[in-house]
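Observations on the three-dimensional arrangement
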Amino acid sequence: MWNYIHYNYFDYQTNYCREFSRKGKSMNRQGLHIGNKTAELPLIQGGMGVGVSLSGLAGAVAKEGGVGVISTAQIGYREPDFFQDPKGANLRVMVSELKKAREIAAMPDGTFKGLLGYNIMVATRDYGDYVRAGAEAGADVIISGAGLPVNMPEYVEGTDTKIAPIVSSEKAARIILKMWDKHYRRTADFLVIEGAHAGGHLGFSKDALEQMCEDGFDADYDKEIQRIIACAESYGKKYNVHIPVIVAGGILEASQADHVFSLGADGIQVATPFVVTRECDAADAYKKAYVDARAEDIEIITSPVGMPARAVCNPFLERMKNGKESIDKCYRCLEKCSPKTAPYCITQALIRAVEGDVENGLIFCGDNVAYLTGITTVREVIRTLFP
(Lines give C-alpha, C1' and ligand atoms only; values in the text may rest on other atoms or scores of the structure.)
Protein backbone atom coordinates (compact mmCIF):
# COMPACT_ATOMS: atom_id res chain seq x y z
CA MET A 1 0.00 0.00 0.00
CA TRP A 2 2.81 2.40 0.85
CA ASN A 3 4.50 2.07 -2.53
CA TYR A 4 1.18 2.45 -4.36
CA ILE A 5 0.40 5.77 -2.71
CA HIS A 6 3.96 6.98 -3.07
CA TYR A 7 4.28 6.38 -6.78
CA ASN A 8 0.89 7.79 -7.68
CA TYR A 9 1.96 10.96 -5.93
CA PHE A 10 5.30 10.97 -7.71
CA ASP A 11 3.43 10.78 -11.04
CA TYR A 12 1.36 13.74 -9.90
CA GLN A 13 4.47 15.70 -8.99
CA THR A 14 6.07 14.98 -12.38
CA ASN A 15 2.95 16.07 -14.25
CA TYR A 16 2.73 19.22 -12.15
CA CYS A 17 6.34 20.11 -12.91
CA ARG A 18 5.86 19.49 -16.63
CA GLU A 19 2.91 21.86 -16.59
CA PHE A 20 5.08 24.38 -14.74
CA SER A 21 7.67 24.21 -17.54
CA ARG A 22 5.09 24.47 -20.32
CA LYS A 23 3.95 27.78 -18.91
CA GLY A 24 7.34 29.25 -19.77
CA LYS A 25 8.63 29.59 -16.22
CA SER A 26 11.85 27.66 -16.68
CA MET A 27 14.40 28.95 -14.23
CA ASN A 28 17.59 30.74 -15.23
CA ARG A 29 20.38 28.40 -14.18
CA GLN A 30 23.83 29.77 -13.53
CA GLY A 31 26.94 28.18 -12.13
CA LEU A 32 27.17 27.04 -8.55
CA HIS A 33 29.34 29.41 -6.54
CA ILE A 34 30.62 28.05 -3.21
CA GLY A 35 32.84 30.67 -1.66
CA ASN A 36 35.83 31.11 -3.97
CA LYS A 37 35.04 27.90 -5.89
CA THR A 38 32.73 27.60 -8.89
CA ALA A 39 31.19 24.73 -10.83
CA GLU A 40 29.79 25.66 -14.23
CA LEU A 41 26.59 23.72 -13.54
CA PRO A 42 24.41 24.05 -10.41
CA LEU A 43 24.57 20.28 -10.02
CA ILE A 44 26.02 17.98 -7.38
CA GLN A 45 26.25 14.26 -8.04
CA GLY A 46 25.22 12.57 -4.82
CA GLY A 47 27.72 10.32 -3.09
CA MET A 48 26.85 6.61 -3.19
CA GLY A 49 28.65 3.86 -1.35
CA VAL A 50 29.98 1.29 -1.16
CA GLY A 51 31.95 1.75 -4.38
CA VAL A 52 29.13 3.16 -6.54
CA SER A 53 30.49 6.70 -6.87
CA LEU A 54 34.25 6.60 -7.07
CA SER A 55 36.67 8.36 -9.42
CA GLY A 56 35.02 7.17 -12.63
CA LEU A 57 31.62 8.69 -11.96
CA ALA A 58 32.79 11.71 -9.97
CA GLY A 59 35.46 12.60 -12.52
CA ALA A 60 33.01 12.37 -15.42
CA VAL A 61 30.49 14.64 -13.67
CA ALA A 62 33.16 17.21 -12.84
CA LYS A 63 34.40 17.11 -16.44
CA GLU A 64 30.91 18.15 -17.55
CA GLY A 65 30.93 21.08 -15.12
CA GLY A 66 29.15 19.62 -12.10
CA VAL A 67 30.34 18.71 -8.63
CA GLY A 68 31.56 15.10 -8.65
CA VAL A 69 31.34 13.37 -5.28
CA ILE A 70 33.26 10.30 -4.15
CA SER A 71 31.68 8.26 -1.37
CA THR A 72 34.23 7.30 1.29
CA ALA A 73 32.05 4.53 2.73
CA GLN A 74 34.40 1.51 2.82
CA ILE A 75 36.14 3.01 -0.21
CA GLY A 76 39.15 0.71 0.21
CA TYR A 77 37.16 -2.51 -0.14
CA ARG A 78 39.21 -3.69 -3.14
CA GLU A 79 42.55 -3.30 -1.37
CA PRO A 80 44.37 -6.53 -0.39
CA ASP A 81 44.76 -5.35 3.22
CA PHE A 82 41.14 -4.21 3.64
CA PHE A 83 40.17 -7.27 5.66
CA GLN A 84 43.01 -6.68 8.16
CA ASP A 85 43.01 -2.85 8.21
CA PRO A 86 39.85 -1.37 6.68
CA LYS A 87 40.47 2.14 7.99
CA GLY A 88 44.02 2.26 6.67
CA ALA A 89 42.88 0.99 3.28
CA ASN A 90 40.05 3.51 3.18
CA LEU A 91 42.22 6.52 4.02
CA ARG A 92 44.80 5.51 1.42
CA VAL A 93 42.24 4.95 -1.36
CA MET A 94 40.49 8.25 -0.58
CA VAL A 95 43.62 10.03 -1.80
CA SER A 96 44.19 7.87 -4.87
CA GLU A 97 40.56 8.05 -6.02
CA LEU A 98 40.52 11.85 -5.79
CA LYS A 99 43.73 11.99 -7.80
CA LYS A 100 42.25 9.73 -10.50
CA ALA A 101 39.04 11.78 -10.56
CA ARG A 102 41.06 14.96 -11.14
CA GLU A 103 42.86 13.32 -14.06
CA ILE A 104 39.49 12.41 -15.61
CA ALA A 105 37.97 15.85 -14.98
CA ALA A 106 40.86 17.95 -16.26
CA MET A 107 40.37 19.75 -19.57
CA PRO A 108 43.14 19.56 -22.21
CA ASP A 109 44.57 22.86 -20.98
CA GLY A 110 44.66 21.64 -17.38
CA THR A 111 41.69 23.67 -16.16
CA PHE A 112 38.51 22.35 -14.55
CA LYS A 113 34.87 23.12 -15.33
CA GLY A 114 33.60 21.43 -12.19
CA LEU A 115 34.58 20.57 -8.63
CA LEU A 116 35.43 17.36 -6.79
CA GLY A 117 34.92 16.21 -3.26
CA TYR A 118 33.73 13.57 -0.84
CA ASN A 119 30.58 12.42 0.89
CA ILE A 120 31.56 11.32 4.40
CA MET A 121 28.85 9.99 6.70
CA VAL A 122 28.79 11.38 10.22
CA ALA A 123 27.96 7.85 11.36
CA THR A 124 31.38 6.69 10.12
CA ARG A 125 33.61 5.38 12.90
CA ASP A 126 36.53 7.84 13.34
CA TYR A 127 34.59 10.38 11.29
CA GLY A 128 37.00 13.20 12.10
CA ASP A 129 39.99 11.30 10.71
CA TYR A 130 38.20 10.83 7.39
CA VAL A 131 37.26 14.50 7.09
CA ARG A 132 40.80 15.58 7.92
CA ALA A 133 42.17 13.18 5.33
CA GLY A 134 39.75 14.49 2.71
CA ALA A 135 40.66 18.10 3.37
CA GLU A 136 44.39 17.33 3.36
CA ALA A 137 43.95 15.50 0.04
CA GLY A 138 42.70 18.77 -1.44
CA ALA A 139 38.99 18.10 -1.81
CA ASP A 140 37.04 21.10 -3.08
CA VAL A 141 34.05 20.09 -0.98
CA ILE A 142 33.05 17.64 1.74
CA ILE A 143 29.39 16.84 2.34
CA SER A 144 28.19 15.02 5.46
CA GLY A 145 24.88 13.46 6.43
CA ALA A 146 23.67 10.38 8.34
CA GLY A 147 23.94 12.37 11.53
CA LEU A 148 24.57 15.96 12.58
CA PRO A 149 28.14 17.09 11.73
CA VAL A 150 28.38 19.49 14.65
CA ASN A 151 32.20 19.22 14.89
CA MET A 152 32.93 19.24 11.17
CA PRO A 153 34.55 22.71 11.03
CA GLU A 154 37.44 21.76 13.30
CA TYR A 155 38.48 18.97 10.95
CA VAL A 156 38.97 21.26 7.93
CA GLU A 157 40.51 24.20 9.76
CA GLY A 158 43.41 25.73 7.86
CA THR A 159 42.33 24.27 4.49
CA ASP A 160 40.33 25.63 1.56
CA THR A 161 37.89 22.71 1.54
CA LYS A 162 34.26 23.86 1.61
CA ILE A 163 31.88 21.98 3.89
CA ALA A 164 28.15 21.28 3.93
CA PRO A 165 25.79 19.33 6.15
CA ILE A 166 22.95 17.29 4.68
CA VAL A 167 19.68 18.17 6.39
CA SER A 168 16.07 17.13 5.96
CA SER A 169 14.42 19.70 8.22
CA GLU A 170 14.68 23.33 9.23
CA LYS A 171 15.22 22.15 12.81
CA ALA A 172 18.32 20.16 11.86
CA ALA A 173 19.70 23.03 9.77
CA ARG A 174 19.21 25.49 12.63
CA ILE A 175 20.87 23.20 15.18
CA ILE A 176 23.95 22.70 13.02
CA LEU A 177 24.32 26.35 11.98
CA LYS A 178 23.81 27.49 15.58
CA MET A 179 26.50 25.10 16.82
CA TRP A 180 28.97 26.15 14.13
CA ASP A 181 28.27 29.79 14.89
CA LYS A 182 28.69 29.34 18.64
CA HIS A 183 31.72 27.06 18.74
CA TYR A 184 33.62 27.91 15.55
CA ARG A 185 32.53 31.47 14.71
CA ARG A 186 31.71 30.43 11.16
CA THR A 187 28.84 29.10 9.09
CA ALA A 188 28.30 26.48 6.40
CA ASP A 189 29.77 27.02 2.95
CA PHE A 190 26.62 25.46 1.49
CA LEU A 191 23.69 23.26 2.54
CA VAL A 192 22.22 20.12 0.98
CA ILE A 193 18.54 19.41 1.66
CA GLU A 194 17.69 15.74 1.20
CA GLY A 195 13.99 15.05 0.84
CA ALA A 196 11.97 11.89 1.31
CA HIS A 197 12.39 10.71 -2.31
CA ALA A 198 16.14 10.12 -1.82
CA GLY A 199 17.98 6.82 -1.75
CA GLY A 200 20.00 5.05 0.89
CA HIS A 201 19.73 6.18 4.49
CA LEU A 202 17.03 8.80 5.01
CA GLY A 203 16.69 11.66 7.46
CA PHE A 204 13.14 10.73 8.48
CA SER A 205 11.66 8.04 10.69
CA LYS A 206 9.86 5.20 8.96
CA ASP A 207 6.55 6.31 10.49
CA ALA A 208 7.14 9.89 9.33
CA LEU A 209 7.89 8.71 5.78
CA GLU A 210 4.63 6.76 5.65
CA GLN A 211 2.64 9.66 7.09
CA MET A 212 4.22 12.17 4.71
CA CYS A 213 3.32 9.88 1.85
CA GLU A 214 -0.30 9.58 2.88
CA ASP A 215 -0.55 13.35 3.29
CA GLY A 216 1.01 14.07 -0.09
CA PHE A 217 4.31 15.21 1.31
CA ASP A 218 5.73 17.12 -1.65
CA ALA A 219 3.47 20.16 -1.33
CA ASP A 220 4.20 20.44 2.38
CA TYR A 221 7.88 19.74 1.90
CA ASP A 222 8.18 22.65 -0.51
CA LYS A 223 7.40 24.85 2.49
CA GLU A 224 10.04 23.07 4.55
CA ILE A 225 12.61 23.68 1.81
CA GLN A 226 11.77 27.38 1.87
CA ARG A 227 12.10 27.46 5.65
CA ILE A 228 15.56 25.90 5.39
CA ILE A 229 16.53 28.43 2.72
CA ALA A 230 15.37 31.24 5.02
CA CYS A 231 17.44 29.78 7.85
CA ALA A 232 20.53 29.69 5.63
CA GLU A 233 19.90 33.27 4.55
CA SER A 234 19.75 34.44 8.17
CA TYR A 235 23.16 32.97 8.96
CA GLY A 236 24.51 34.15 5.63
CA LYS A 237 23.58 37.72 6.55
CA LYS A 238 25.36 37.40 9.88
CA TYR A 239 28.59 36.39 8.14
CA ASN A 240 28.04 38.57 5.07
CA VAL A 241 28.13 35.59 2.71
CA HIS A 242 25.69 33.73 0.50
CA ILE A 243 25.10 30.14 1.61
CA PRO A 244 24.00 28.19 -1.48
CA VAL A 245 21.23 25.68 -0.83
CA ILE A 246 21.07 22.52 -2.93
CA VAL A 247 17.99 20.27 -2.99
CA ALA A 248 18.17 16.50 -3.42
CA GLY A 249 15.77 13.59 -3.66
CA GLY A 250 13.84 12.21 -6.62
CA ILE A 251 14.98 14.69 -9.26
CA LEU A 252 14.99 13.00 -12.65
CA GLU A 253 14.30 15.62 -15.30
CA ALA A 254 14.44 19.33 -16.11
CA SER A 255 10.87 20.10 -15.06
CA GLN A 256 11.57 18.85 -11.54
CA ALA A 257 14.80 20.83 -11.42
CA ASP A 258 12.86 23.91 -12.52
CA HIS A 259 10.45 23.43 -9.66
CA VAL A 260 13.28 23.25 -7.15
CA PHE A 261 14.85 26.41 -8.55
CA SER A 262 11.48 28.14 -8.35
CA LEU A 263 11.54 27.58 -4.58
CA GLY A 264 14.77 29.55 -4.30
CA ALA A 265 17.34 26.75 -4.38
CA ASP A 266 20.78 27.40 -5.86
CA GLY A 267 21.31 23.91 -7.20
CA ILE A 268 20.20 20.30 -7.32
CA GLN A 269 21.80 17.09 -6.14
CA VAL A 270 21.14 13.96 -8.21
CA ALA A 271 22.33 10.42 -7.52
CA THR A 272 20.13 7.52 -8.71
CA PRO A 273 20.06 8.46 -12.44
CA PHE A 274 23.87 8.48 -12.50
CA VAL A 275 24.03 4.82 -11.48
CA VAL A 276 22.83 3.67 -14.91
CA THR A 277 25.66 5.45 -16.73
CA ARG A 278 28.63 3.79 -18.35
CA GLU A 279 30.92 5.89 -16.19
CA CYS A 280 29.43 4.69 -12.89
CA ASP A 281 31.89 2.59 -10.89
CA ALA A 282 29.42 -0.20 -9.99
CA ALA A 283 29.31 -3.56 -11.79
CA ASP A 284 27.09 -3.93 -14.84
CA ALA A 285 24.79 -6.31 -12.94
CA TYR A 286 24.22 -3.60 -10.33
CA LYS A 287 23.22 -1.13 -13.03
CA LYS A 288 20.92 -3.70 -14.62
CA ALA A 289 19.19 -4.18 -11.26
CA TYR A 290 18.31 -0.48 -11.40
CA VAL A 291 17.02 -0.74 -14.96
CA ASP A 292 14.92 -3.80 -14.09
CA ALA A 293 13.47 -2.35 -10.86
CA ARG A 294 9.73 -1.70 -10.81
CA ALA A 295 7.85 0.62 -8.48
CA GLU A 296 6.59 -2.31 -6.41
CA ASP A 297 10.17 -3.55 -5.94
CA ILE A 298 11.19 -0.53 -3.87
CA GLU A 299 10.98 -0.75 -0.10
CA ILE A 300 11.73 1.28 2.99
CA ILE A 301 13.85 -0.93 5.20
CA THR A 302 15.58 -0.54 8.54
CA SER A 303 19.32 -0.89 7.98
CA PRO A 304 21.61 -2.68 10.47
CA VAL A 305 22.44 0.72 12.00
CA GLY A 306 18.78 1.29 12.89
CA MET A 307 18.10 3.96 10.26
CA PRO A 308 15.35 3.82 7.63
CA ALA A 309 16.66 3.42 4.11
CA ARG A 310 15.29 2.92 0.61
CA ALA A 311 16.41 -0.15 -1.33
CA VAL A 312 15.46 -2.54 -4.12
CA CYS A 313 13.75 -5.63 -2.75
CA ASN A 314 15.65 -8.78 -3.76
CA PRO A 315 16.15 -12.33 -2.44
CA PHE A 316 18.67 -11.07 0.10
CA LEU A 317 16.22 -8.64 1.72
CA GLU A 318 13.47 -11.26 1.63
CA ARG A 319 15.71 -13.62 3.58
CA MET A 320 16.62 -10.92 6.09
CA LYS A 321 12.94 -10.30 6.86
CA ASN A 322 12.71 -13.71 8.48
CA GLY A 323 16.19 -14.24 9.84
CA LYS A 324 19.75 -12.99 10.03
CA GLU A 325 23.11 -13.62 8.44
CA SER A 326 26.14 -14.80 10.38
CA ILE A 327 28.68 -12.02 10.93
CA ASP A 328 32.20 -13.41 11.31
CA LYS A 329 34.10 -10.17 10.82
CA CYS A 330 33.38 -6.57 11.92
CA TYR A 331 34.80 -3.94 9.59
CA ARG A 332 34.18 -1.18 12.15
CA CYS A 333 32.52 1.00 9.54
CA LEU A 334 29.77 2.72 11.50
CA GLU A 335 29.61 3.92 15.08
CA LYS A 336 26.21 2.50 16.00
CA CYS A 337 26.46 -0.91 14.38
CA SER A 338 27.10 -3.95 16.56
CA PRO A 339 27.77 -7.40 15.08
CA LYS A 340 26.06 -8.89 18.14
CA THR A 341 22.69 -7.39 17.25
CA ALA A 342 22.88 -6.55 13.52
CA PRO A 343 20.88 -8.86 11.24
CA TYR A 344 23.69 -8.75 8.67
CA CYS A 345 26.94 -6.94 7.94
CA ILE A 346 26.08 -3.87 5.91
CA THR A 347 29.64 -3.64 4.57
CA GLN A 348 29.57 -7.17 3.19
CA ALA A 349 26.05 -6.75 1.80
CA LEU A 350 26.92 -3.54 -0.04
CA ILE A 351 30.20 -4.94 -1.39
CA ARG A 352 28.47 -8.04 -2.77
CA ALA A 353 25.95 -5.85 -4.57
CA VAL A 354 28.39 -3.35 -6.08
CA GLU A 355 30.58 -6.20 -7.33
CA GLY A 356 27.60 -7.73 -9.14
CA ASP A 357 26.05 -10.26 -6.75
CA VAL A 358 22.70 -8.48 -6.77
CA GLU A 359 20.78 -11.50 -5.51
CA ASN A 360 22.74 -11.58 -2.26
CA GLY A 361 23.60 -7.93 -1.71
CA LEU A 362 21.99 -4.69 -0.53
CA ILE A 363 20.98 -2.31 -3.33
CA PHE A 364 20.19 1.20 -2.11
CA CYS A 365 18.24 3.40 -4.53
CA GLY A 366 16.13 6.52 -4.86
CA ASP A 367 12.42 6.22 -5.49
CA ASN A 368 12.81 7.36 -9.11
CA VAL A 369 14.71 4.17 -10.00
CA ALA A 370 11.56 2.68 -11.53
CA TYR A 371 11.65 5.36 -14.24
CA LEU A 372 15.11 4.43 -15.51
CA THR A 373 14.90 2.45 -18.73
CA GLY A 374 18.45 1.72 -19.89
CA ILE A 375 22.16 2.34 -19.65
CA THR A 376 23.18 5.86 -20.63
CA THR A 377 26.05 8.30 -20.05
CA VAL A 378 26.81 11.08 -17.61
CA ARG A 379 26.50 13.63 -20.41
CA GLU A 380 23.03 12.40 -21.35
CA VAL A 381 21.81 12.46 -17.75
CA ILE A 382 22.99 16.04 -17.46
CA ARG A 383 21.32 16.98 -20.76
CA THR A 384 18.04 15.61 -19.39
CA LEU A 385 18.40 17.84 -16.34
CA PHE A 386 19.75 20.89 -18.19
CA PRO A 387 18.49 20.73 -21.81
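Just so it is clear, the structure is predicted and the values come from calculations on it, not from any experiment.

1. Quick word on the overall build of the chain
- Along the chain, the regular secondary structure elements total 14 helices and 13 strands.
- Within the chain, buried positions represent 58% of all 387 residues.
- Within the chain, contacts between residues at least 6 apart in sequence are counted, and of these 68% link residues at least 24 apart.
- As displayed, the chain offers around 16,100 Å² of accessible surface, 49% of which is attributable to carbon and sulfur atoms.

2. As for the pairing of strand E13 (residues 308-312)
- Of all 5 residues that make up E13, 5 are buried, and the element is covered over most of its length.
- Judged by which residues are buried, E13 turns out to be covered on both faces: Pro308, Arg310 and Val312 on one side and Ala309 and Ala311 on the other are all buried.
- As judged from the 2 bridges shared by strand E9 (residues 200-201) and E13, these two strands associate in the antiparallel manner. Opposite His201, over in E13, you have Ala309 as the bridge partner.
- Of the strand pairs in this sheet, strand E12 (residues 298-302) and E13 are connected by 5 bridges, and their pairing is antiparallel.

3. Topic: unusual backbone geometry
- Look at the link from Gly49 to Val50: it is a cis peptide, with omega at 0°.
- Its location among the elements puts Val50 in the loop between strand E3 (43-45) and helix H2 (55-63).
- Although it is not a glycine, Ala146 sits at a positive phi angle of roughly 55°.
- By the secondary structure assignment, Ala146 is in the loop between strand E6 (141-144) and helix H5 (152-156).
- Backbone geometry places Arg185, a non-glycine residue, at a positive phi of 55°.
- Within the element layout of this structure, Arg185 appears in the loop between helix H6 (170-184) and strand E8 (191-194).
- The class of Arg185 is exposed, set by a relative accessible area of 61%.

4. Regarding helix H4 (residues 127-136)
- Along H4, 7 of the 10 residues are buried, which leaves the element largely enclosed by surrounding structure.
- Looking at H4, one finds that the buried residues are Tyr127, Gly128, Tyr130, Val131, Ala133, Gly134 and Ala135.
- Taken together, the buried residues of H4 touch helix H3 (86-105), strand E5 (115-119), E6 and H5.
- Where H4 terminates, the next one or two residues include Gly138, which has phi positive at roughly 95°.

5. Structural notes on the packing of H2 against H3
- Contact geometry of H2 with H3 gives a least axis separation of 8 Å together with a crossing angle of 35°. Crossing of H2 over H3 shows right-handed handedness. Note on element contacts: H3 touches H2 through Glu97, Lys100, Ala101, Ile104 and Ala105, opposite Ser55, Gly56, Gly59, Ala60, Ala62 and Lys63.

6. Thoughts on the pairing of strand E10 (residues 245-248)
- Residues Val245 and Val247 line one face of E10 and the alternating positions Ile246 and Ala248 line the opposite face, and both faces are buried.
- Pairing geometry for E8 and E10, over 4 bridges, is parallel. Its bridge partner being in E10, Val192 is matched across the sheet by Ile246.
- By the bridge criterion, 3 bridges tie E10 to strand E11 (residues 267-270) in an arrangement that is parallel. For Val247, the partnering residue across the bridge sits in E11 and is Ile268.

7. Concerning the confidence of the model for the chain
- Of the residues in the chain, 87% reach a pLDDT of 70 or more, and the chain-wide mean stands at 88.
- In the model, residues 1-26 has pLDDT below 50 throughout and makes 50 contacts with residues more than four positions away in sequence or in other chains.

8. Quick notes on the nonpolar core
- If you look at the biggest cluster of nonpolar residues, it comprises 103 residues, and the most contacted ones within it are Leu43, Ile268, Phe274, Tyr290 and Leu362.
- No other element matches the 7 residues that helix H8 (residues 217-238) contributes to this core.
- When residues no more than four places from it in sequence are discounted, the contact partners of Leu43 are Gly66, Val67, Ile268, Val270, Phe274, Ile382, Leu385 and Phe386.
- Core analysis: the next-biggest nonpolar cluster, separate from the first, contains 15 residues, Leu32, Val69, Leu115 and Ile143 among them.

Reading the values: the criteria
Residues numbered from 1 in each chain as written. Predicted model: local features only at pLDDT ≥ 70, side-chain atom pairs only at ≥ 80, totals over all residues. Heavy atoms only, no water. Helix = DSSP H or I, 4+ residues; strand = E, 2+ residues; numbered from the N terminus. Buried < 20%, exposed > 50% of the residue type's maximum accessible area, 1.4 Å probe, protein only. Contact = heavy atoms within 4.5 Å. Areas by Shrake-Rupley, 256 points an atom, 1.4 Å probe, with all protein chains shown as cover. Pairing = 2+ DSSP bridges. Axes fitted to C-alpha atoms, helices over the stretch in contact; angles between N-to-C directions. Left-handed = near helix turned anticlockwise from the far one by under 90°. pLDDT = per-residue confidence, 0-100. Core = buried A, V, L, I, M, F, W, Y, C linked by side-chain atoms within 4.5 Å.

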